[in-house]
Amino acid sequence: MSIKLRELIRSIRACKTAAEERAVVARECALIRTAFKDDDTQFRHRNIAKLLFIHMMGYPTHFGQMECLKLIASSKFPEKRVGYLGLTQLLDENTEVLMLVTNSVKNDMGQDNQYVNGLALCALGNIASSEMCRALAREVERLMNSTNPYIRKKAALCAMRIVKKVEEIEDKFNGRVAPLLEDRNHGVLISGCCLLTTLLEINPDYVPDFRRHIPSLVRALRNMVQSGYSNAAEYDIAGITDPFLQAKILRLLRLLGTGSVDASDEMNDILAQVATNTEGAKNTGNAILYECVLTIMSIEAESGLRVLAINILGRFLLSRDNNIRYVALSTLQRVVTIDVKAVQRHRTTIIECLKDSDISIRKRTLDVAYALINEENIKGMIKELLNCLLVAETDFKEDLCSKICMAVDKYAPDRRWQLDTLIKVMCLGGQFVKEPQREKFCRVVASTPEMHSYTVIKLYFNMKDSLSQEALVHVGVWCLGEFGDHLVSGRAVGPNKEPIRVAPSDILDLLQDVVRKPPNPDKAYAIHSLVAAALIKLVTRCPSEIERIRKALRRFECSLSVDLQQRSCEFLELLESEWSASRAGILDRMPVSERSISGADAVGDSSIDEVHPSARGRVGGGGGGGGPTDP
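Cut-offs and rules
Residues numbered from 1 in each chain as written. Predicted model: local features only at pLDDT ≥ 70, side-chain atom pairs only at ≥ 80, totals over all residues. Heavy atoms only, no water. Helix = DSSP H or I, 4+ residues; strand = E, 2+ residues; numbered from the N terminus. Rg over C-alpha atoms; globule rule 2.2 N^0.38 Å. Buried < 20%, exposed > 50% of the residue type's maximum accessible area, 1.4 Å probe, protein only. Contact = heavy atoms within 4.5 Å. Areas by Shrake-Rupley, 256 points an atom, 1.4 Å probe, with all protein chains shown as cover. Lys, Arg positive; Asp, Glu negative; His and termini not counted. Charge placed at Lys NZ, Arg CZ, Asp CG, Glu CD. Phe/Tyr/Trp six-rings, centres within 6.5 Å; stacked < 30°, edge-to-face > 60°. Lys NZ or Arg CZ within 6 Å of the ring centre and 35° of its normal. Core = buried A, V, L, I, M, F, W, Y, C linked by side-chain atoms within 4.5 Å. Expected span 1.5 Å × (residues − 1). Polar contact = N/O pair within 3.5 Å; in protein donor to acceptor, adjacent residues only side chain to side chain. Salt bridge = Lys/Arg side-chain N within 4 Å of Asp/Glu carboxyl O.

Within the chain, the secondary structure is distributed over 33 helices and two strands. What you see for the chain is a C-alpha radius of gyration of 37 Å, clearly larger than the 25 Å of a compact globule of 631 residues, by over 25%. Projected onto its principal axes, the C-alpha coordinates of the chain cover approximately 105 × 65 × 45 Å. The proportion of buried residues among the 631 residues of the chain is 52%. Within the chain, contacts between residues at least 6 apart in sequence are counted, and of these 68% link residues at least 24 apart. By element, 49% of the accessible surface of the chain is carried by carbon and sulfur atoms, the whole surface being about 29500 Å². Treating the 82 positive side-chain charges of the chain as one cloud and the 80 negative ones as another, the clouds have centres 4 Å apart.

Next comes the structure, spelled out in structure tokens:
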């Protein structure tokens, strides 16, 4: 016994468990199958309606596809309507039985009833396959000339589907676009804009041919902006006249104006009117302003108009709505290369967004801030980013460190500032500086002999303060091994022109602390390998500590890492007397990499203008040391 759709919904809602719901659906599906098998025409449309509800709940309903085709062939409008609804929901363009409905759709498109025509066009526009589009393209073209605007708008949208599905007939509708764009009916005009936009996106070569329609589009947009639009009240949303049509026209103007100065001149005035007259207090107005900004930045607009567009994005950044701010930041990232100076005016507002609680806002802001960095503002921007790094959350520090390191490598004014800044980054977020950045730092140091003493002293005292930062420890241990002689020789002088000297035993004490408390216990093997390499290098830099170095290397012979065991055995072999003659050459500094080093060629001031607090009072002494503080 067939029940009504309302009763089925009530039965399903009354179910208390998922199993009970499945039982009700299975029982009803069985009854519907039986009705289909008995060819029950009286309640076929009711059964399809129930199948649509069951389909919405996620249950399989493929057995009702053929019944939809039977309803479409019916002469009764209520049954035909349910049949088309079932066709669009229960089938898709890949369904094999879809071709069977082609003739029924063609017949319905030829009927005199506009609503039957509308049903056929809706179905074709939603699920038509490429074969159906080829077969019915001529019928759609005929309906685009209908005197009924209801039919014309649906035919235009159906033509858009055909253009997307069948490439070889995309020019079939080119001649039908002009009447659509001149139509005074809202629905026909917006459908014509959608069709032309699709045509131009698929084939940009058509753009010059359709630029002749810019005046009519500008006129339609001006009528809406000036509230002279017919039936304006009918399409008013939050005080904005027909915002959907405005957005479509702006998007179409963006395609038509790209790359053409003359076409852009035709639309400059109306874009300025839209940008200045549209109220941005609500999302409706913000949507229009957003499309207007994209259009201005895409065409060959005047510089003043571009500044106006970027100022609109600046206002978006001050909004409390995170969605609007995210949209503004995404757009700024895309347009920053077009007018950098205009975006630079909003640099303070952009930097403030780095402190936002929303991680997506912070990440997008970081991308924009990185795009704004250049040779002129590098120091100020990096200072702001370092301040953010100081208080940033853990999940944001990796991106922040990466952007800072890339900017420093690209725009550093001199090597000293570059090294100072990278050391600061490693002090604040050493766990998040990636391996390539650490390697690049070491190459920069190795290729700048004037900075060897300055860098190793700075790293030594920063490591004395904290061994918790992985990158700092990695590059610091490497530099101690390569340039440890600068620490013990006293060649470096402090601000009072007194030599800075560190006792060799202090260097080994620091390395021993690194071995005992590695910054990342899970990667202790890596740091132990670096320490072993540094120890063997220090044999020639600190010959008085050779026995202590030998003892430290012997501890690594029992390491669980086979590679570290092998290294320690090889290093211990180098300490034997038969290697005394060639040991200095083997343990000499690593040659500078031939790979190019990005950044400034200028070295900068390599003098030490500050002494680390922990070294004060020991400068010039034989057993102490000093170094520069943080940048």
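On we go.
Under the counting rule described, the total for this entry stands at four aromatic pairs. Residue placement shows Arg-33 over the ring face of Phe-63; its charged tip is 4.2 Å from the ring centre. Between the NZ or CZ atom of Arg-212 and the centre of the ring of Phe-210, over which it lies, the distance is 6.0 Å.

Moving on: the nonpolar core. One broad rule of soluble globular proteins: the nonpolar side chains tend to lie buried together. Grouped together as the largest cluster of nonpolar side chains are 199 residues, with contacts concentrated most on Leu-87, Val-140, Ile-382 and Leu-553. Ignoring any residue separated from it by four or fewer positions in sequence, one finds Ile-382 in contact with Ile-373, Ile-404, Ala-407, Val-408, Trp-417 and Thr-421.

When the terminal C-alpha atoms of helix α7 (residues 114–127) are compared, their 20 Å separation across 14 residues agrees well with the 20 Å that a helix rising 1.5 Å per residue should span. For α7, the complete set of buried residues consists of Val-116, Asn-117, Gly-118, Leu-119, Ala-120, Leu-121, Ala-123, Leu-124 and Ile-127. One side-chain oxygen of the residue at the start of α7 lies 2.9 Å from the amide nitrogen of Tyr-115, identifying that residue as Asn-113.

Here Glu-96 is to be found in the loop between α5 (77–90) and α6 (102–109). Judged by its relative accessible area of 74%, Glu-96 falls in the exposed class. As a C-alpha pair, Glu-96 and Ala-371 span 275 residues in sequence and 51 Å in three-dimensional space.

Attention now goes to the pattern of salt bridges. Going through the model one piece at a time under the given rule, you end up with 33 salt bridges. Among the ionic pairs, Asp-108 bridges to Lys-80, the shortest N-O distance being 3.1 Å. Highlighted residues: Asp-108 in helix α6 and Lys-80 in helix α5, separated in sequence by 28 residues. For Asp-108, a relative accessible area of 2% corresponds to the buried category. In this structure, Asp-485 engages Arg-589 in a salt bridge whose closest nitrogen and oxygen atoms are separated by 2.7 Å. Remark: Arg-589 occurs in the segment after α33 (580–586) and Asp-485 occurs in helix α28 (residues 485–489); sequence separation between them is 104 residues. Taking the relative accessible area as the measure of exposure, Arg-589 reaches 30% and is therefore partly exposed. In the salt-bridge network here, residues are joined through shared partners; they are Asp-39, Arg-44, Glu-67 and Lys-70.

By themselves, these figures tell us nothing about what the structure is for.
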